[in-house]
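# Structural overview for review
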Amino acid sequence: MVSQITSGIKISVLTSFEGTYFKNYKIHFAFSYEVTIENQSKDSVQLNSRHWEIYDSLNDLEIVDGEGVIGKKPVLKPGEKHTYSSGCLLSSPFGAMHGYFNMVNFTTTRSFRVIIPTFKLSAPFALN
(Lines give C-alpha, C1' and ligand atoms only; values in the text may rest on other atoms or scores of the structure.)
Protein backbone atom coordinates (compact mmCIF):
# COMPACT_ATOMS: atom_id res chain seq x y z
CA MET A 1 0.00 0.00 0.00
CA VAL A 2 1.15 3.52 -0.75
CA SER A 3 -0.11 6.66 1.03
CA GLN A 4 0.36 10.41 0.79
CA ILE A 5 -1.17 13.42 2.57
CA THR A 6 -1.88 16.68 0.72
CA SER A 7 -3.60 19.61 2.49
CA GLY A 8 -4.88 17.29 5.23
CA ILE A 9 -6.33 14.72 2.83
CA LYS A 10 -4.72 11.26 3.01
CA ILE A 11 -4.83 9.09 -0.10
CA SER A 12 -4.00 5.38 0.28
CA VAL A 13 -3.93 2.89 -2.60
CA LEU A 14 -3.87 -0.92 -2.47
CA THR A 15 -3.41 -2.84 -5.74
CA SER A 16 -4.08 -6.39 -6.88
CA PHE A 17 -3.38 -8.41 -10.03
CA GLU A 18 -6.66 -9.93 -11.26
CA GLY A 19 -5.45 -12.14 -14.11
CA THR A 20 -4.96 -12.24 -17.86
CA TYR A 21 -7.37 -12.62 -20.74
CA PHE A 22 -7.52 -12.26 -24.50
CA LYS A 23 -9.42 -9.46 -26.21
CA ASN A 24 -9.16 -8.59 -29.90
CA TYR A 25 -6.46 -11.28 -30.32
CA LYS A 26 -4.22 -9.64 -27.73
CA ILE A 27 -3.41 -10.58 -24.16
CA HIS A 28 -4.39 -8.10 -21.46
CA PHE A 29 -3.33 -7.91 -17.84
CA ALA A 30 -6.08 -6.86 -15.44
CA PHE A 31 -5.33 -4.92 -12.26
CA SER A 32 -7.64 -3.62 -9.56
CA TYR A 33 -6.94 -0.87 -7.08
CA GLU A 34 -8.69 0.31 -3.95
CA VAL A 35 -8.42 3.99 -3.08
CA THR A 36 -9.16 5.34 0.40
CA ILE A 37 -9.62 9.09 0.80
CA GLU A 38 -9.40 10.21 4.42
CA ASN A 39 -10.16 13.75 5.54
CA GLN A 40 -7.63 14.54 8.27
CA SER A 41 -8.29 18.28 8.02
CA LYS A 42 -10.64 20.40 10.14
CA ASP A 43 -12.87 21.35 7.19
CA SER A 44 -15.47 19.51 5.13
CA VAL A 45 -14.35 18.82 1.56
CA GLN A 46 -15.79 17.43 -1.65
CA LEU A 47 -14.10 15.50 -4.43
CA ASN A 48 -15.19 16.92 -7.79
CA SER A 49 -12.98 15.32 -10.43
CA ARG A 50 -9.99 13.07 -11.04
CA HIS A 51 -6.93 12.94 -13.26
CA TRP A 52 -5.03 9.67 -13.85
CA GLU A 53 -1.80 9.00 -15.72
CA ILE A 54 -1.49 5.32 -16.54
CA TYR A 55 1.89 3.99 -17.64
CA ASP A 56 2.17 0.64 -19.41
CA SER A 57 5.69 -0.69 -19.97
CA LEU A 58 4.79 -1.60 -23.58
CA ASN A 59 2.57 1.34 -24.50
CA ASP A 60 2.40 5.10 -24.34
CA LEU A 61 1.02 7.04 -21.43
CA GLU A 62 -2.78 7.03 -21.12
CA ILE A 63 -4.46 10.01 -19.48
CA VAL A 64 -7.93 9.69 -17.98
CA ASP A 65 -9.91 12.68 -16.69
CA GLY A 66 -13.41 12.55 -15.32
CA GLU A 67 -16.05 13.78 -12.92
CA GLY A 68 -15.99 12.31 -9.42
CA VAL A 69 -15.02 8.71 -8.76
CA ILE A 70 -17.17 5.80 -9.98
CA GLY A 71 -20.10 8.16 -10.49
CA LYS A 72 -19.89 9.84 -7.08
CA LYS A 73 -18.64 13.16 -5.76
CA PRO A 74 -18.19 12.29 -2.10
CA VAL A 75 -18.38 14.92 0.64
CA LEU A 76 -16.08 14.17 3.57
CA LYS A 77 -16.48 15.77 6.97
CA PRO A 78 -13.42 15.92 9.22
CA GLY A 79 -12.39 12.38 10.19
CA GLU A 80 -14.48 10.68 7.49
CA LYS A 81 -13.20 8.24 4.84
CA HIS A 82 -14.43 7.22 1.40
CA THR A 83 -13.17 4.01 -0.20
CA TYR A 84 -13.81 2.86 -3.75
CA SER A 85 -12.46 0.19 -6.09
CA SER A 86 -11.67 0.41 -9.77
CA GLY A 87 -9.31 -1.18 -12.26
CA CYS A 88 -7.36 -0.93 -15.47
CA LEU A 89 -6.05 -3.10 -18.28
CA LEU A 90 -2.46 -3.11 -19.46
CA SER A 91 -0.89 -4.80 -22.46
CA SER A 92 2.11 -5.81 -20.34
CA PRO A 93 2.50 -7.28 -16.85
CA PHE A 94 4.12 -4.06 -15.56
CA GLY A 95 2.93 -0.50 -15.21
CA ALA A 96 2.21 2.30 -12.81
CA MET A 97 -0.40 4.95 -12.09
CA HIS A 98 -0.55 8.30 -10.38
CA GLY A 99 -2.67 11.41 -10.55
CA TYR A 100 -4.70 13.83 -8.49
CA PHE A 101 -8.18 14.65 -7.25
CA ASN A 102 -9.63 18.14 -7.65
CA MET A 103 -11.42 19.00 -4.43
CA VAL A 104 -13.17 21.97 -2.83
CA ASN A 105 -12.93 23.09 0.78
CA PHE A 106 -16.43 24.05 2.02
CA THR A 107 -15.09 26.42 4.70
CA THR A 108 -12.88 28.52 2.43
CA THR A 109 -14.75 27.72 -0.85
CA ARG A 110 -11.31 27.25 -2.43
CA SER A 111 -10.49 24.48 -4.88
CA PHE A 112 -7.36 22.46 -4.29
CA ARG A 113 -5.53 19.48 -5.73
CA VAL A 114 -4.80 16.30 -3.77
CA ILE A 115 -1.97 14.13 -5.07
CA ILE A 116 -2.56 10.43 -5.68
CA PRO A 117 0.85 8.82 -5.05
CA THR A 118 2.48 6.67 -7.72
CA PHE A 119 1.65 3.01 -7.32
CA LYS A 120 3.07 0.08 -9.26
CA LEU A 121 1.06 -2.50 -11.15
CA SER A 122 2.91 -5.78 -11.53
CA ALA A 123 1.83 -9.34 -12.18
CA PRO A 124 3.44 -11.58 -9.55
CA PHE A 125 4.39 -14.29 -12.07
CA ALA A 126 6.51 -11.78 -14.01
CA LEU A 127 8.74 -10.82 -11.09
CA ASN A 128 12.18 -12.30 -10.45
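Conventions used here
- Residues numbered from 1 in each chain as written.
- Predicted model: local features only at pLDDT ≥ 70, side-chain atom pairs only at ≥ 80, totals over all residues.
- Heavy atoms only, no water.
- Buried < 20%, exposed > 50% of the residue type's maximum accessible area, 1.4 Å probe, protein only.
- Helix = DSSP H or I, 4+ residues; strand = E, 2+ residues; numbered from the N terminus.
- Pairing = 2+ DSSP bridges.
- Core = buried A, V, L, I, M, F, W, Y, C linked by side-chain atoms within 4.5 Å.
- Contact = heavy atoms within 4.5 Å.
- Lys, Arg positive; Asp, Glu negative; His and termini not counted.
- Salt bridge = Lys/Arg side-chain N within 4 Å of Asp/Glu carboxyl O.
- Polar contact = N/O pair within 3.5 Å; in protein donor to acceptor, adjacent residues only side chain to side chain.

### Some points on the pairing of strand β8 (residues 94-105)
For β8, a buried count of 9 out of 12 residues is recorded, marking the element as mostly surrounded by other parts of the structure. The pairing of strand β4 (residues 45-56) with β8 spans 11 bridges and is antiparallel. Counterpart to Y55 in the pairing with β8 is A96. The sheet contact formed by β8 and strand β9 (residues 111-122) spans 10 bridges and is antiparallel. Across the sheet, the residue bridging to F94 is S122, located in β9. Where β8 folds back onto β9 in an antiparallel hairpin, the turn is made up of 5 residues, including T109, whose phi is positive at roughly 65°.

### So, the nonpolar core
Counting residues in hydrophobic clusters, the biggest one holds 25 residues, and the most contacted among them are I11, V35, I37, W52, F101 and M103. Elements with a minimum of two residues in this core: β2 (9-23), β3 (26-39), β4, β7 (81-90), β8 and β9. Setting aside chain neighbours within four positions, we find M103 in contact with I9, I37, V45, Q46, L47, N48, R110, S111, F112 and V114.

### Observations regarding the side chain of D56
Among the structural elements, D56 can be located in strand β4. Of the buried charged residues, D56 lacks a salt bridge, with K26 as the closest side chain of opposite charge at 8.0 Å. Polar side-chain contacts of D56 include one of 2.7 Å to the side chain of S92. Once residues lying within four places of it in the same chain are set aside, the contact partners of D56 are L90, S91, S92, F94 and G95.

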